[in-house]
Structure formats: C-alpha cells, structure tokens
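# Results of the structural survey
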Amino acid sequence: MPVSKETLDEIALSRAEYEAIVERLGREPNSLELGMFGSMWSEHCGYKHSKLLLKRLPSKSPRMLVTPGAENAGVVDIGDGLAIVMKIESHNHPSAVEPFQGAATGVGGIVRDIFAMGARPIALLNSLRFGPLDEAQNRNLFGGVVRGISWYGNCIGVPDVGGEVSFSSSYSNNPLINAMCVGLVEKDRMVRASASGKGNLLILVGADTGRDGIHGASGLASRTFEEEREMRPTVQVGNPFMEKVLIEACLEALDTGHILAMQDLGAAGLTSTIVESVARSGSGAIINIGRAPRREEGMTPYEVMLSESQERMLVVVSGENEEAVRQVFDKWDLESTVIGEVTEDGLVSIYDGDSLVASLPVDVLTDPPLYSLQGVMPAYMEETRSFDLQALPLPTEKPESILLRLLSFPDIADKEWIFRQYDHQVQTNTLQAPGGDAAVLRIKGTGKGIALTTDGNGRYCYLDPFVGAAIAVAEACRNLACVGAEPLALTDCLNFGNPERPDVYYQLEQCVDGIASACEALGVPVISGNVSLYNETRGVAIWPTPVLGALGLLEDAEKRCTTAFKDEGDVVVLLGAAEVSDDAQSLAGSVFLEVVHEKVAGVPSIDLELEVKVQCLCRRAIEDGLLRSAHDCADGGLAVSLAESCVAGGIGFVGSLPLGGRWDAALFGEAQSRIVVSVAPDGLPVLEKLALEQGVPLVQLGSVGGAIFSIPQLMSLPVDELGAAWKGGLKKALD
Amino acid sequence: MRFGIVVFPGTWSDGDCYHVVKSVLGQDARYVWHKDRDVSGLDCLILPGGFSYGDYLRTGAIARFSPVMDEVERFADRGGLVIGICNGFQILCEAGLLPGVLTRNDHVQFRCQWVDLRVENPSTQFTSECRQGQVLSIPISHGEGNYYADPDTLASLNANGQVVFRYCNPQGETTTDANPNGSLENIAGIINERGNVLGMMPHPERCCEEALGGTDGRFIFESILQMVAV
C-alpha cells in the first residue's frame, strides 16, 4: 500500500527519502519501522543537512579522549588522571511551545548525556535568546524559561555557573534555549555508549515510558514554529527528582565495575538509544517492548519505541552481573527492567510479546542521505554591507546619557535577577560565580581550576556569518583568557533557520567555516555539539546564531583574575590596540548602533592573528601575577567595559587619554581583540616589556581611583550611578 | 569527633558537608543512608540540604517517614547534636523535632545569594564560638525558607532564646529588606528547647574556605567541635 503524504509529513520524511528506504530494505517498511526511520533520519538524529559541514570543524587535540560524535559528549584530559566531559544542546522548539517544561527538560537531557559517560555533572551554563522584553509574550517566555531552568537545575544539585542572555526581535517567536553541561570523571572510569557482546543484557532504568514527546525528534526539530503550535503533546514533562536519583544510582552502579555501556534516552527515545548504541559496535539487538514499564495501558509498540519520556537510561551488563547491578538501582528505588539483549546480526528486532513488530538493519537506520546545497548569500546582506557607517551623524545625545542607556540595555545589564534564582554554589567548587567574564571552578584534590563560558553573537553573524562565527569563538576564548585560563576545547550549538533554503544554508556553511578558521588560529578543537535547524516563523529565519561553549584550564586556580578594578592608583591599560581608534567602522553590528540609531548594519571584522597574541599576553600576564583585573572589551565597547570594571570593584576610573574625533566610535565601537586590564604602577614596565616581546600593541587609558568614572572632555559620572543603571536594567525591562 | 551525614534520595549537600568535615576540619565522617538505622559511634548528625523526594508534596514531608528519622529522634533524645541545614531544617520541622514550618518564599522565587545573619544566642552548642550580635555572612539557596510559627510558639521561642539566627543587614539590623524570604521576624535558624537540635536555612558548609568567598560557616562547625571536646 503506497504511503500517504500525510504520513510522511507527520514524520518529516520526503517522498525520495521514503523511496530510498524501500530500495535499501527491499520492501515497504511497516508503520512502526517507518516511524523509526522518521526519527533516525531526522535532522536531530541524522544531521542530514549539517553532517558534511560539521566535518570541517577542527577536532584534533592531544588532550581529546574520544572522537567527536562517537560518544554522548566530548572528553578532554586535564591531567591528574581526570577528564572533563562537556556538551551543549538546544531545546528551542519545546521551550517555544511550553517554556517552563521545555527549558527544564533541556537541562535534564544535557545532564544525562554527561553522566551517561560516567562523569559527575559539575556545572551547567545556559545561552538564552528572546525577543525584546517590552512584548508580553517574550516576558512570559523569558520568565518561564528561567523558572524551568531554576526548578530543574536546583533540584538535581548541579550548580548553574554562567552563560549569556540576549534579546532581539529576531527571536521573538523563536527563543533560543541552549543548555550546556560539564562533568568530571576519572579517566579510567569513563563509560562508553557502545553496546556489544552477544547475549549481553539491555536494561532500561528510571522513569516509566509514557505517551509524551512522541515525534519530538522528527517533528519538533524538523518543523518550523507555526506548524507545531498544534503539537503541544510533543513537549516532554520533567521530573528532576528522578533525574537526581538516576545520577546517583548510575554513578554508584558504575562502582560495581560491571557496567559495559550506558546510553541515555533522549530525542527519539528507545529507538535512537538502542540503534545508536549498537551501531557504534556494529552489533544488533533484540528488544521485547512488552517488558518496558509504561505509565498507561494500551500504548502501541509505536508509542513505546518513539516516546520521549524523560529520566530514562539504558545500561548494558552481562547476564552474570545483572543482579549486582540491579541491586544498586533497587537501593535507590529505581525500576530496572531487562528489555532485550545484544546480538551480532546487525539488526534491531523489536518484539511485542511473541510477535515480531519491526526488524531493521542498523546500518540503514544510521545512514540517512546527506545533503549539501549550493548556498546563496541572503539578499539583505547587500544592503547591510553597503551601509555607510562613516556617514552616521555624531549623536546629539550626551555620551554620559548613552553610556547609562547601554549599561541598562538588557543584553549588557547585570544578570543577577536571573542567576540568583539558580543555585550556583552547590558542590562548593565555584570560585568565580556568574557575572565574571568566565566562571571558574576548582577541581578538588588538585590546585587546578577550570574556566567555563558560552558565547554567541547573532547580530554579527547576521551581518557576516563567517566573521561573526569567528568572533564568537574568539570571544569565548578571550573570556577564558581574562580569568587566566588556557582554552582547551569548545562545544557548539548551531541555531539556524530552514537549511533547505539556499540563503540559510549559506549562513550555516559560512558560520561553520568561520568557527573552523578561528579554532585553527587559536588551536582549539570542537569536541561536541548539536544543531538546531528550522528556527523560523512565517518564512523568516532567526539570525544565524552559533553558540560556543568553551572550556579552559588554570594550572593554579589561585591565580585567577577578575573583572573588578582593585586599588587606588592602579594603571588601566588597553591590550590589543596602540590607540583608541575612532574609526566609525568599529560601530558595525554594535549595541550602540542598535540602541542609539536603531540599525543593525555594517560589516564586523576580526584579525585572528592579533587575537591569538592578545589572549596569550593576557594569560601570561595573569600567570605572572601582573594583572589586578582583566575584562573583555565586547558588547557596548570600551566605555561599557571600563564602567563594568568600576562597578564590579566599587571604585572609580580617571581617564587620562583624550578621545577626539568620533567619540561615539571611540567609546562604544566594538573593535575585537581588546582587553581592559589594570596593573600596579610598578608592574606597568614589566607588562609593557612583555607586550613588546609578544608583539601586542597596548595603550594607557588612565588610572583606578575615587568614586567617579571620568573620561576627559566626554564624561564624568559617579560609579554609583553607573552601578544603578547596570544593576537595574533587566528588572526595569521586566516591569 | 565523628559526624554522620544523612542521605535521603534527593539530598545534594551531603558531599559538601562531608568535604568540610573531613578535608577542612580534619574530622571523621560517614554517610548514613536514609533506610539505615545505625547511627552508632556518631557525635553529631547533619541533615544536609537538597530536595528530598523532590519536595513535590511539601518540603521534608516524605523524608520524615524514612527509617533513619526514628534514629535521629532517639539520637536527639539521648542528647546527641543534630544540625539540619536547608532541606534538613525543613525535615526536622516536619518530623516535629523543631517547631514551626518553612513555607514558600514570599516572592515565590528561588534564591541563591549571600545573606547576613545576626547571632541571637551565642550560648548554644552550635554558636559558642560566636559573639552576641555578631554578623555572619553565609549563603542561602532555597525556594521555601519562609519560617512560620503560631504566635504562642513564636513567643516561647523568643522567651527561651531558641531563635539562634536572624537575617540582618551588614550593620546587624533585622530590616525587612534584609529578609530574603519573608520569614517571620527574620528568623533564619532556631534550636529546640533542650538546645541540641539546630535548624537553619543558610548553608554554613558553603563558606568554610576563603576561596569560596568567606569562612563564617566555620564558627558553627568549630562551636560543635568545642562542645564535643568538652
């Protein structure tokens, strides 16, 4: 019987893809089998439009312990027999439909990826993007997402240590909710996700399987937003208590030494978990889904195989060790059920009781067609690129008033309103809490620390996807440099519109290439990640928004640096520039341009060679104990960076450098590769010598002191006033 | 001395308490699983923070029925020291070992932040290293720390010196602004009548090392060590 278009639409497969399935199977798939293909060949599981591009990302580093994509998350060696496991993932579509549960289960999912590898989750970060807060719907989404993250993350006892939040009308109907989790594991305790060994048992642990989240992978992740308003039941519901117990039970079960492999149940539920874990070893599996504990009666095999019920884990053990492992789950009052076993025939065979309901070759399920399109530069770029920044009139508004407006702009303003709702201290490792350039966690039992941050800039990527993505990588690593950490690895979350459109494909391809070029320059691999495509509403795609999560290492955590100005008389220096340029070109894509001129235009730029040198110098100067403070010069430009260091330190700044010409560009331009640092007066010559040796330009800006923030001829404001604008900005936008 | 750290499903400050007791204070410690009844050889029991059973029903409402709670009660009856932190405080209230109840924060948000506490009673076994009126800086991390007790209970808590800590500003004034959750009379920690069971919402185990931003939590742990040494 020929399959209907409606059926194919429901599982988001094309007619050609269906025909390819029939050809490779040599028969028509039944409806369960077709559903399994829909999931496995979805963008979410199969990376149809992105896989060929993702191969371009550098993924080599002597510290890497697993190949990207081969396991649930990337793993980096940090010495002392320890490794860091990390990954970032999107939950954009579920959060758009139901912000509280969407964001909560986004946290739950990424945490499972981490402890499935045997690592204890030690940190969460979130990169969030919403439409402007003056619209009620965006405020609701924002509030719901923050509450969801708070509810889930706080309950499981994993500190939420950082991230970013940004607002733009580009995300109004399509918020971006990217969650990152970081875990710590002793290298020799790491577990693989590869199920092998004929006869080994597949044990399903955790929550019962219900009817929630069916078609989450094929549906939500492959459809544009307005199509899915009708699909509310596809959003999963989280149970953070179950997750917490599952974390402890799985880590304790590992202590038995009997666990051969572990794989969490995420997108596409049992289907992808079983298929992916046996695919890694070239094995097969026989499953009897009649055994899977369910939440309700009457569920069909289709529903059981495709349910995305949360807080479930698949564990592989040999028959003789079944009891020992299940005893641990019993101790934690978790249900554990043998649902099948590993075979060697390369097939996934699903039984419901005695009847065989599906039997598919694993190699076909995991080998979707891969698409490569010819990208075409989006039409809008002609206009944004030809915008004449030099012709912008100087603002009539006073520089002081502009600075206060920028400081209270929600992208720049203090995010305490958010992170005080997240437990950022539990596990007692948080040395640098949210609010710094990067979070710093100590690694107990060593003197080391790790630094973590997330970065993305949709505005830059919209204007130039290649350069914007390169800047995102550079800025993430620069944030690490500002606390004194050497970048070790990145994880990426690629948020884009419909990749089947040539202009979106162009953005995706350019961003991937931009990430690759910056990674190569900085010598940092991308070790894991996720793509979220089809983020659009009524044919309008979101800004191309690659988000980078970055991991850095501090050999001596005591040496970490902060953004706060410290002592009266310290000299303030700008690294990365020999002068404060007043070139209007630096206003391209700036917050200033958006806030003051209501324009998103121009062409951002970055010199990666300079970037590398500036970061090296900053790390070296921190390592040598020279720097009293270091703060990235980013959104809002130099004036904002200086003001933030004043507010953080509760102390003033006396500028000594006159800024002439285009003061708007000098104060608020966003030229890259610049870091504002402060040094004790006797440290200045040492810093200057070091900079000279490393070929990094620098310029003295003034000194720390008093209670006033002043720049000659341009502004003089009490630090308290700056602080009030910065601290109150987000709250004001929400009221 | 030997600490027992009680672990319920959903507890998450167990590791933090263990770290402080073992690695910072150099004392002995072991975990006590909530289904176990063996608390022998222990001098002080800690009921740590977390979300026991997810706290979906009412904080601490299910945990109080765990087998270990019978032993906690007997241990307290024998005069053993018991300290409930955050969720542990909520469980002690539910179990009737401390009076009153912790309800939803008045602003209905979770709060993780540093707060100042005024020491109201420095003559307890948990505060002997503090001065009367001393201001301690200790983090909170909870969604339900809004202490309530009926007027009679409140009067007797005050009369007996059972209110041990109140939220205050850095100057030691118990203002409304300094109250992070709406607690009655800014109450942050109380003790039972006998003086051997303390419940407090703030987390002293989070501030025993300079690297974490402060060490005021040590006043409480070191007071306990003094008492047992005597």
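All of these numbers come straight from a predicted model, not from anything done at the bench.

### Here's the deal with the sheet that holds strand E7 (residues 135-142) of chain B
Residue and element names in this part refer to chain B.
- The strand order across the open sheet formed by nine strands is E2-E1-E3-E4-E11-E10-E9-E6-E7, and the pairing between neighbours is mixed. Only two strands of the sheet have a single partner each, and these edge strands are strand E2 (28-33) and E7. Neighbour-to-neighbour, the strand axes of the sheet open up by a mean angle of 25°, direction not taken into account.
- The sheet contact formed by strand E6 (residues 111-119) and E7 spans eight bridges and is antiparallel. From the neighbouring strand, Arg118 faces E7, where its bridge partner is Val135.
- Of the strands in this sheet, strand E1 (2-7), E2, strand E3 (44-47) and strand E4 (81-85) are in contact with helix H1 (residues 14-24), which crosses E2 at around 160°.
- Helix-sheet contacts for helix H2 (residues 67-77) involve E1, E2, E3, E4 and strand E11 (197-200), and the interaxial angle to E3 is about 135°.

### Brief notes about unusual backbone geometry
Residues and elements named next belong to chain A.
- A positive phi angle, near 45°, is found at Thr428, a position not held by glycine.
- If you trace the backbone, Thr428 turns up in the loop between helix H16 (416-419) and strand E13 (430-432).
- The class for Thr428 is buried, based on a relative accessible area of 1%.
- At Ser673, a residue that is not glycine, the phi angle is positive and equals roughly 60°.
- Among the secondary structure elements, Ser673 is positioned in the loop between helix H23 (663-668) and strand E24 (675-679).

### Side note on the sheet that holds E13 of chain A
All names here are of chain A.
- The strand order across the open sheet built from six strands is E13-E14-E15-E20-E16-E17, with neighbouring strands paired in mixed fashion. Two strands bound the open sheet, and with one partner strand each, they are E13 and strand E17 (526-532). Adjacent strand axes in the sheet meet at a mean angle of 20°, parallel and antiparallel pairs treated alike.
- Pairing of strand E14 (residues 439-442) with strand E15 (residues 449-455) involves four bridges; the strand directions are antiparallel. Within E15, the residue paired with Val440 across the bridge is Ala451.

### Regarding the environment of Cys44 of chain B
Residue and element names in this part refer to chain B.
- For Cys44, the location among the structural elements is in strand E3.
- Residues Cys44 and Gly79 lie 35 residues apart in sequence; the distance between their C-alpha atoms is 9.9 Å.
- Residues contacting Cys44, with those up to four places away along its chain left out, are Met1, Arg2, Phe3, Gly4, Phe75, Leu81, Ile83 and Ile224.

### Things to note about the domain arrangement of chain A
Residues and elements named next belong to chain A.
- Domains assigned within chain A are domain 1 (8-41 + 192-367), domain 2 (49-190 + 429-557) and domain 3 (381-420 + 561-735).
- Inter-centroid distance (C-alpha atoms) of domain 1 to domain 2 is 26 Å.
- Listed by partner, the interface residues are 37 residues for domain 1 and 40 residues for domain 2.
- A buried area of about 3,300 Å², summed over both sides, lies between domain 1 and domain 2, and 55% of it is on carbon and sulfur atoms.
- Here domain 1 and domain 2 share four salt bridges between them.
- Taken together, the connections running from domain 1 to domain 2 amount to ten residue pairs in polar contact (both at pLDDT 80 or more).
- Contributions of two or more residues to the side of domain 1 that touches domain 2 are made by helix H9 (240-255), strand E7 (261-264) and strand E9 (312-317).
- By residue number, the principal contributor to the side of domain 1 that touches domain 2 is H9, which donates eleven residues.
- Looking at side-chain class alone, the side of domain 1 that touches domain 2 contains 16 nonpolar, seven polar and 14 charged residues.

### Some remarks on the pairing of E3 of chain B
Residues and elements named next belong to chain B.
- Going residue by residue along E3, you find Cys44 and Ile46 tucked away on one face and Leu45 and Leu47 tucked away on the opposite face as well.
- As defined by bridge partners, E1 adjoins E3 across three bridges and the pair is classed as parallel. Note on E3: the bridge partner recorded for Ile5 is Ile46.
- Summarising the sheet, E3 and E4 pair through four bridges and their orientation is parallel. Bridge pairing in E4 places Cys44 opposite Leu81.
- Viewed along the sheet, the connection from E3 through H2 into E4 turns out right-handed.

### Thoughts on helix H4 (residues 151-159) of chain B
All names here are of chain B.
- Buried residues of H4: Thr153, Leu154 and Leu157, and no others. Along the axis of H4, the buried positions cluster into a sector of 100°, meaning they face one direction only. Turned more than 90 degrees from where H4 packs its buried face, Pro151, Asp152 and Ala159 sit exposed.
- Structurally, H4 contributes buried residues whose contacts are with strand E8 (146-148), strand E9 (163-168) and strand E10 (187-191).
- For H4, the N-terminal capping position is held by Asp150, with its side-chain oxygen 3.1 Å away from the main-chain nitrogen of Asp152.

The rules behind these values
Residues numbered from 1 in each chain as written. Chains lettered and ligands numbered in written order. Predicted model: local features only at pLDDT ≥ 70, side-chain atom pairs only at ≥ 80, totals over all residues. Heavy atoms only, no water. Pairing = 2+ DSSP bridges. Helix = DSSP H or I, 4+ residues; strand = E, 2+ residues; numbered from the N terminus. Axes fitted to C-alpha atoms, helices over the stretch in contact; angles between N-to-C directions. Contact = heavy atoms within 4.5 Å. Buried < 20%, exposed > 50% of the residue type's maximum accessible area, 1.4 Å probe, protein only. Domains from an automatic or database assignment. Buried area = accessible area lost by both parts, 1.4 Å probe. Salt bridge = Lys/Arg side-chain N within 4 Å of Asp/Glu carboxyl O. Polar contact = N/O pair within 3.5 Å; in protein donor to acceptor, adjacent residues only side chain to side chain. Nonpolar A, V, L, I, M, F, W, Y, C, P; charged D, E, K, R; others polar. Right-handed = clockwise from strand over helix to strand, strands pointing away. Arc of directions from axis to C-beta.

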